[in-house]
Amino acid sequence: MPQEYKLILKHADEPGYTADIECYLRHGGYDALKKALAMQPKDLPDGKKLSPQEQIREDVKFSGLRGRGGAGFSCGLKWSFVDRKSGKPIYLICNADESEPGTFKDRQIMYKDPHQLIEGMAIACYANDVHLAYIYIRGEMTDGAKILNRALAEARAKNFLGKNILGSGYELEIHVHRGAGAYICGEETGLIESLEGKRPYPRIKPPYFPAVLGLWMCPTIVNNVETLCNVKHIVAMGGAEFAKLGTPNNTGTRIVSLSGHVKKPGYYEIEVGKATIGELINDPKFGGGLLDGRKLKAVIPGGSSAKVFKAGEKFKLKKKGADGQMTEQEVEMLDLPYDFDSLIAAGSMSGSSAIIVIDDSADIVEALANIAEFYAHESCGQCTPCREGALWMSKALHRLTHGEGRAADADYLVKIADNIPNGRTICAFGEACSWPVQSFVGKFKDEFVAKGKADEERRAREQVKPVAATPSERHELTTAH
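Residues numbered from 1 in each chain as written. Predicted model: local features only at pLDDT ≥ 70, side-chain atom pairs only at ≥ 80, totals over all residues. Heavy atoms only, no water.

Mind showing me how you'd approach the packing of aromatic side chains here?
For any pair of aromatic rings, the description consists of the separation of the ring centres together with the inter-plane angle of the planes. The final tally for this structure, using the stated rule, is 13 aromatic pairs. Here the basic side chain of Lys-310 rests over the ring of Phe-444, its NZ or CZ set 5.2 Å away from the ring centre. Above the ring of Tyr-412, the side-chain terminus of Arg-406 is found at 5.7 Å from the ring centroid. (Phe/Tyr/Trp six-rings, centres within 6.5 Å; stacked < 30°, edge-to-face > 60°. Lys NZ or Arg CZ within 6 Å of the ring centre and 35° of its normal.)

Structure below.
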């Protein structure tokens with residue numbers, strides 16, 4: 001049976017564990033940073049030397065760590081793209097703008113164990129020759145910003161930040177920057193624009209890949225909170241040991257945000273791929289099952305932008321057998337391993353690792369209308385397909401949920417959604433707003449058609465219904481005779 005495996009959240013929820021540096025140090029805090037700074041150059045067989053920074057970068061790549069913010073891209077590979085020959089300073093930004101609906105994992109780290117994030121950032125900065133870094137935190141997390149600033153001050157006082165850190169000669173400063181509550185700032189180039197003090201319009205890639213032309217047109221690394229925390233553990237245990245956690249190509253642990261119609265909504269840390277969607281929903285150690293008397297209707301597996309799964313859906317996935325050969329197997333939705341690759345193969349994604357459970361008490365049209373309204377509001381407006389399309393979809397769904405729907409609205413919604421993504425917009429927001437509509441309507445079309453048809457029939461009855469005479473009209477009729 002699957003179990004929680006607490007690596008990042010090992011101490012966060014322990015009784016008596018606090019966010020201050022003294023508590024963190026009592027639990028082995030900053031030991032990984034000390035280890036990183038004490039590393040010596042390594043001799044290679046060809047006579048060359050591998051610097052401590054290169055050793056850390058290679059270890060992170062070997063660990064198989066993939067980004068925990070949404071895309072699931074290799075962290076080590078991302079670092080390898082950084083332009084180290086430009087002569088410009090390299091910056092690192094922690095993306096703490098946790099705004100994907102259904103996601104509430106990163107704030108657990110920042111609120112309960114902020115020094116773990118700072119240590120992970122310090123190691124990542126050292127490994128990439130960064131001397132100035134930023135934590136871009138969601139504007140609504142006012143307490144989180146205060147906690148992080150307090151933790152940064154404590155780290156400076158103990159010489160874990162600042163000049164000549166722990167006598168190593170390495171210098172680093174980290175600042176907290178509060179956003180203004182815009183979902184689009186979760187997109188790395190929109191975040192960079194915002195950090196520069198501009199409207200957060202995402203940049204065109206190419207040429208503006210952050211690793212080459214990022215903050216102030218300098219090489220920049222943008223990593224998620226959970227991703228950076230993992231760096232600390234990779235240095236502490238070694239990349240090879242880290243790679244043993246989870247499953248092949250899906251290494252380490254993930255913190256899953258579980259919400260919706262379950263008995264025990266919350267956040268759970270698991271080895272990647274070691275638990276299925278069904279186990280996360282129904283196992284007593286996790287979600288504890290649906291509310292009494294309810295039946296599963298749908299699951300959004302990776303935050304609101306992920307394509308929805310319908311209860312009972314089956315997928316044909318290729319899996320490697322014991323003999324090493326790839327075979328095609330039919331897998332029921334609840335039996336899908338919760339990892340990056342399985343969910344992509346099933347047509348969705350693990351995204352920000354936020355599972356939203358929908359039972360049979362929910363109106364699926366209302367659910368999609370709520371999601372579409374959010375994306376219509378959060379579009380930055382830079383690209384026409386996204387700016388107009390997101391609003392049109394929201395308006396059509398507003399009609400359907402307010403008695404003004406049409407049977408043809410289901411096809412109308414899909415037509416709009418199909419014309420937003422696939423390279424028509426600068427950033428992936430086009431996909432984020434269209435994928436829910438495509439999948440909800442595609443898998444529950446009968447409910448959208450039925451609601452629109454019922455509205456049409458009701459309006460038709462109202463048009464032919466005799467209009468009752470007013471009291472004054474009735475009085476005129478009676479007196480006339």
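What should I look at first to understand helix α17 (residues 445–464) in this one?
Think of an α-helix as 3.6 residues a turn; residues three or four steps apart then line up on the same face. Its 20 residues place the ends of α17 29 Å apart at the C-alpha level, agreeing with the 28 Å of an ideal helix rising 1.5 Å per residue. On its buried side, α17 packs onto α13 (364–378), α14 (384–400), α15 (409–418) and α16 (429–443). (Helix = DSSP H or I, 4+ residues; strand = E, 2+ residues; numbered from the N terminus. Expected span 1.5 Å × (residues − 1). Contact = heavy atoms within 4.5 Å.)

Which parts of the structure should I look at to understand the side chain of Ser-257?
Locating Ser-257 in the fold gives a position in strand β9 (residues 253–260). Discounting chain neighbours no more than four positions away, the residues touching Ser-257 are Gly-102, Thr-103, Phe-104, Lys-105, Gly-266, Ser-353, Ala-354 and Ile-355.

Before we go on, may I ask you to explain the state of the cysteines in this structure?
One way to say it: the disulfide is the covalent bond shared by the sulfur atoms of two cysteines. What the rule picks out here adds up to 0 disulfides. Just so you know, Cys-23 is unpaired, no disulfide at all, and the nearest cysteine sulfur is the one on Cys-229, 15 Å from it. (Disulfide = S-S within 2.5 Å.)

Sorry if this is basic, but what is going on with unusual backbone geometry here?
As a rule of thumb, non-glycine residues mostly have phi less than zero, and peptide bonds are mostly trans rather than cis. That bond from Lys-205 to Pro-206 is cis: its omega, -5 degrees, falls within 30 degrees of zero. With respect to the helices and strands, the residue Pro-206 is situated in the loop between α8 (188–195) and β6 (220–224). Residue Pro-207 is bonded to the preceding Pro-206 through a cis peptide linkage, with omega at 10 degrees. When you line up the elements, Pro-207 lands in the loop between α8 and β6.

Explain the sheet that holds β6 to me, please; I cannot follow it from the model alone.
Pairing between sheet strands relies on hydrogen bonds along the backbone, with the strands arranged either parallel or antiparallel. Pairing is parallel in the open sheet, where 4 strands are placed in the order β5-β4-β3-β6. For this open sheet the edge positions go to β5 (173–178) and β6, each flanked by a neighbour on one side alone. Looking at each pair of strands side by side, their axes are set apart by 20 degrees on average, direction ignored. Judged from the 6 bridges that link them, strand β4 (residues 130–137) and β5 form a sheet pairing that is parallel. Residue pairing for β5: Ile-135 is matched across the bridge by Val-176. (Pairing = 2+ DSSP bridges. Axes fitted to C-alpha atoms, helices over the stretch in contact; angles between N-to-C directions.)

Just to check I follow, could you spell out a nonpolar patch on the surface for this structure?
The grouping of Phe-73, Leu-77 and Phe-81 at the surface amounts to a nonpolar patch, some 280 Å² of accessible area in total. The topology assignment puts Phe-73 in the loop between α3 (52–63) and α4 (75–80). The partly exposed category is assigned to Phe-73, whose relative accessible area is 41%. (Patch = residues over 30% accessible without salt bridge, like charges linked within 9 Å, V, L, I, M, F, W, Y side chains within 5 Å. Areas by Shrake-Rupley, 256 points an atom, 1.4 Å probe, with all protein chains shown as cover. Salt bridge = Lys/Arg side-chain N within 4 Å of Asp/Glu carboxyl O. Buried < 20%, exposed > 50% of the residue type's maximum accessible area, 1.4 Å probe, protein only.)

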